[in-house]
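Structure at a glance
As a plain string of letters, each chain reads:
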Amino acid sequence: MQHGFIKVASAIPATKVADCRFNTQEINRLIHHASRQGVEIICFPELAVTGYSCADIFAQQLLLQRAEDAVAWLLQETADTDTIAIVGAPVVVGDLLLNAAVVIQQGHILGIVPKTFLPNYKEFYEQRWFASATQVTDTAVDFAGQTDVPLSSHLLFAYGNARFAIELCEDLWAPIPPASLLALHGAELIFNLSASNELIAKNAYLHSLIAQQSARTLTGYIYSSCGFGESTQDVVYGGNAFIYENGTLLAASERFSFTPQLIISEIDTERLQQERRVNTTFRASQSLHALQPRIVRTTACLHDATPFRLSRPVNPHPFVPVGAALDERCEEIFSIQVAALAKRIVHTNARSLVVGISGGLDSTLALLVCVRAIDKLQRPRTDIVGITMPGFGTTNRTYHNALSLMQSLGITIREISIRDACLQHFSDIGHDPAQHDITYENVQARERTQILMDVANQTNGFVVGTGDLSELALGWCTYNADHMSNYSVNCSIPKTLVRHLVKWVACAGDIDPASQHSLLDIVDTPISPELLPADADGNIAQKTEDLVGPYELHDFFLYYFLRHGFRPRKIYFLALQAFGNTPATPSQPQSEPVTHYDAATIHHWLTTFCRRFFTQQFKRSCMPDGPKVGSVSLSPRGDWRMPSDASDALWMEECESIQP
């Protein structure tokens, strides 16, 4: 286990019904194969040692004895292996036969977990052969040559700082699955040994069931179900293996494969533990169910010393989905923004919306939200007052894009230059205009905000803010300037998603050609506050990402810092996987090409992010109202409450300790 990740696997071995020797040899082969890949815990299907579809052969003493012998043989064969294996087998306890999971490691049985819910309807007849865990008191048994083996449906297995538990097939389908209670008692990982047959539409339902169970219990859920080789006398088994984490599918097997399969991924237990700490409903459920007496046993497992290598992909753009999901996300976010703004318009009875239009991404998105809200309220677009305020750094490209977009959208246009007002202010405070420092920049930003606020007063309206989530995280805004508005529609949208939203509106099909042309050019324009004079060719000289770092990196840092509470070292590790020049993770579809950064660059900007995030909290403590649209927000009234004078010492110390 490193960085909180536990490498897990779900296996579907080749099977011959009632051939314990063949089946166990296949299980042994997959355990060693997984061990060589650094897998720490692997699970196999329900009754994998015998095959699930033995039917009344389960009443044969020979099968039961050979199954126990096969487990004893497997213990010998895996004695030199650190990998924990969870194997399905029939286990005799006195007069009862249990459908159980046997947990083994380094030649020892750590525990046996019997199945609780035995399906006995339609094509299932398990109560014909097996007893439920409810019929067995928690006990210790002798099995496969070992004595005093813990046996209980309440077992928790300790692995480092994490816990895992087990349920079997139908247990998952119960109204209150056993794993739900085990999760409340500390299990972050649930392994399900299953034998679920294939029916029309059942696979989609199964995915939904596991995703929901994983999300509700805030667990990693590793599922293995038997496949090719089981009897097809009456039903067919498709060989499903899934690995979910908090409702998200990380890996899946190929259905109906005729060959053995092994899927591998990592479960981030630190993320799950952090989710539980902040989820008050989960904690309340723990308190509620703590009142119900339950026997919970903890069995210590040894650590796997295999060198750690991450195999699961790390999305470099966690805020930006891919494919059709991106269009759906954009439509939903845009609708939330529009609904939020429309409510504020109606509530305040505003006669106008005042927006500063720079020709950049953020102000463009805010303008598009204003247009859609005004349209839905069936008011004229001229109620939107767009103001372009050219200054010392305004370029022809952004200036003309701002004007042409306002014209094509049919809003009220005002152009108010800030040059003379800023020069007068420089004179008033005794500042040399040739000194292009922070005063030079902030005077321009505050002059623009003053204009917007005053025009809003003139027109009985309010100022619609344009700043986005990424700027708020970095404090990349001027206090009491672009930092302030009456209502901020972009405040919880990260910069990497703003571009896609603008492009989505441009390509959605209900925009006029002239506006579409302007929008697409704005999407391609470098991000800049345009507070410093343009270069000799009239191009943007002040590029934001040259100063504070690439937004795709900062949004990546922000996601894991804010959404999951990860420490810098772990964020750095994940960023190397996502952006490194030689990433160790498999590729996955992306909404846009991935830029690669070397370790030193990632480390530099991560340090910048941590420093700026702490030092700029004072701006977020008094930010204006605005809608939350995604999983994170920095509103001091919502998701993020942090003292403005919190020390960044621990974070900076860890950043400094990282050696790229």
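First, a word on scope: everything that follows refers to the structure included in this document. (Residues numbered from 1 in each chain as written. Predicted model: local features only at pLDDT ≥ 70, side-chain atom pairs only at ≥ 80, totals over all residues. Heavy atoms only, no water.)

Assigned secondary structure in the protein chain consists of 21 helices and 20 strands. Seen through its C-alpha atoms, the protein chain measures out along the principal axes to roughly 100 × 55 × 50 Å. Put simply, the protein chain has 660 residues, and 57% of those count as buried. Intrachain contacts of the protein chain at a sequence separation of at least 6 include 74% that bridge at least 24 residues. Here the protein chain has roughly 27300 Å² of accessible surface; of this, 50% comes from carbon and sulfur atoms. The protein chain carries 49 positive and 68 negative side-chain charges, and their two centres are separated by 4 Å. (Helix = DSSP H or I, 4+ residues; strand = E, 2+ residues; numbered from the N terminus. Buried < 20%, exposed > 50% of the residue type's maximum accessible area, 1.4 Å probe, protein only. Contact = heavy atoms within 4.5 Å. Areas by Shrake-Rupley, 256 points an atom, 1.4 Å probe, with all protein chains shown as cover. Lys, Arg positive; Asp, Glu negative; His and termini not counted. Charge placed at Lys NZ, Arg CZ, Asp CG, Glu CD.)

Right, let's get into the packing of helix H17 (residues 551-563) against helix H19 (residues 599-615). Axes are the key here: two packed helices are described by the angle between their axes and the distance separating the axes. At their nearest, the axes of H17 and H19 sit 10 Å apart, and the two run at 60° to each other. If you check the angle between H17 and H19, you find them oblique. Seen along the crossing, H17 lies across H19 with a hand that is right-handed. For the pair H17 and H19, the contacting residues are Leu 553, His 554, Phe 557, Leu 558, Phe 561 and Leu 562 in the first and Ile 602, Trp 605, Leu 606, Phe 609, Phe 613 and Phe 614 in the second. (Axes fitted to C-alpha atoms, helices over the stretch in contact; angles between N-to-C directions. Parallel < 35°, antiparallel > 145°, perpendicular 65-115°, else oblique. Left-handed = near helix turned anticlockwise from the far one by under 90°.)

For the rest of this paragraph, the subject is the packing of aromatic side chains. This model, assessed by the stated rule, comprises 32 aromatic pairs. Positioned over the ring face of Phe 5 is Lys 570, at 4.6 Å from the centre of the ring. (Phe/Tyr/Trp six-rings, centres within 6.5 Å; stacked < 30°, edge-to-face > 60°. Lys NZ or Arg CZ within 6 Å of the ring centre and 35° of its normal.)

What follows deals with unusual backbone geometry. One non-glycine residue with positive phi stands out, namely Gln 106, at about 50°. Checked against the element boundaries, Gln 106 lands in the loop between strand E4 (96-105) and strand E5 (108-114). Gln 106 sits in the partly exposed class, given a relative accessible area of 24%. One non-glycine residue, Asn 480, lies in the positive phi region at around 60°.

Attention now goes to the sheet that holds strand E19 (residues 461-465). Pairing in this open sheet of 5 strands is parallel, and the strands run E18-E17-E16-E19-E20 from one edge to the other. In this open sheet, the two strands that pair with only one neighbour each are strand E18 (412-415) and strand E20 (487-488). Looking at chain direction, strand E16 (residues 352-356) and strand E17 (residues 384-388) are connected through 4 bridges and run parallel. Within E17, the position partnered with Val 355 by the bridge is Gly 386. (Pairing = 2+ DSSP bridges.)

Applying the stated criterion across every chain yields a total of 23 salt bridges. Salt-bridge contacts for Glu 198 lead to Arg 255; the nearest nitrogen and oxygen are separated by 2.4 Å. One end of the pair, Glu 198, is in the loop between strand E10 (189-194) and helix H5 (202-217); the other, Arg 255, is in the loop between strand E13 (248-252) and strand E14 (261-268), with 57 residues separating them in the sequence. Since its relative accessible area comes to 13%, Glu 198 is described here as buried. In this structure, the salt-bridge partner of Arg 271 is Glu 245, at a minimum N-O distance of 2.7 Å. Within this pair, whereas Arg 271 is found in helix H6 (residues 269-278), its partner Glu 245 is found in strand E12 (residues 241-245), the two being separated by 26 residues in sequence. Accessibility classification places Arg 271 together with Glu 245 in one group, the buried group. Look at the salt bridges and you will find they share partners, linking Asp 362, Asp 468, Glu 471 and Lys 495 into a network. (Salt bridge = Lys/Arg side-chain N within 4 Å of Asp/Glu carboxyl O.)

What follows covers the environment of Glu 592. For Glu 592, the position within the fold is in the loop between helix H18 (568-579) and H19. Apart from residues lying up to four places away in sequence, Glu 592 is in contact with His 317 and His 500.

Mapped onto the secondary structure, Gly 51 falls in the loop between strand E2 (41-43) and helix H2 (61-77). For Gly 51, a relative accessible area of 0% translates into the label buried. Note: C-alpha distance between Gly 51 and Arg 563 (512 residues apart in sequence) is 43 Å. In contact with Gly 51, other than residues within four places in its own chain, are Thr 15, Asn 23, Phe 58 and Glu 230.

Looking now at a negative patch on the surface. Where like charges cluster on the molecular surface, the negative patch consists of Asp 327, Glu 328, Glu 331 and Glu 332. Note that Glu 332 resides in helix H8 (residues 324-348). (Patch = residues over 30% accessible without salt bridge, like charges linked within 9 Å, V, L, I, M, F, W, Y side chains within 5 Å.)

A separate point is the pairing of E19. In terms of burial, E19 is a largely internal element, 4 of the 5 residues being buried. Of the strand pairs in this sheet, E16 and E19 are connected by 3 bridges, and their pairing is parallel. From the neighbouring strand, Ser 352 faces E19, where its bridge partner is Gly 461. The pairing of E19 with E20 spans 2 bridges and is parallel. Bridge pairing in E20 places Gly 465 opposite Ser 488.

Once that is clear, we can look at the packing of helix H9 (residues 361-376) against helix H15 (residues 513-523). Contact geometry of H9 with H15 gives a least axis separation of 10 Å together with a crossing angle of 145°. Crossing geometry of H9 relative to H15 is assigned as left-handed. Mapping the contact onto sequence places Leu 361, Thr 364 and Leu 368 in H9 and Leu 519, Ile 522 and Val 523 in H15. Residue composition of the contact of H9 with H15, grouped by class: 5 nonpolar, 1 polar and no charged. (Nonpolar A, V, L, I, M, F, W, Y, C, P; charged D, E, K, R; others polar.)

Right, let's talk about the state of the cysteines for a bit. Counting across every chain of the model gives 0 disulfides. As a non-bridged cysteine, Cys 610 has Cys 655 as the owner of its nearest cysteine sulfur, 3.8 Å distant. (Disulfide = S-S within 2.5 Å.)

For Ile 438, the position within the fold is in helix H12 (residues 438-458). Spatially, the C-alpha atoms of Ile 438 and Thr 478 are 9.7 Å apart, while their sequence positions differ by 40 residues.

Core analysis: the largest hydrophobic core is formed by 93 residues, its most contacted members being Leu 341, Phe 557 and Phe 613. If we skip the residues at most four places from it in the chain, Phe 557 touches Ile 571, Ala 575, Ile 602, Trp 605, Leu 606 and Phe 609. Residues Val 49, Val 87, Val 141 and Val 235 belong to the second largest nonpolar core, which totals 51 residues. (Core = buried A, V, L, I, M, F, W, Y, C linked by side-chain atoms within 4.5 Å.)

Residues lying three or four places apart along an α-helix face the same way, a consequence of the helix completing one turn every 3.6 residues. The first and last C-alpha atoms of helix H1 (residues 20-36) sit 24 Å apart over 17 residues, in line with the 24 Å expected at 1.5 Å per residue. Those residues of H1 not exposed but buried are Cys 20, Asn 23, Thr 24, Glu 26, Ile 27, Asn 28, Leu 30, Ile 31, Ala 34 and Ser 35. On the buried face of H1, the contacting elements are strand E1 (5-12), E2, H2, strand E3 (84-93) and E14. The first or second residue beyond H1 is Gly 38, which carries a positive phi of 80°. (Expected span 1.5 Å × (residues − 1).)

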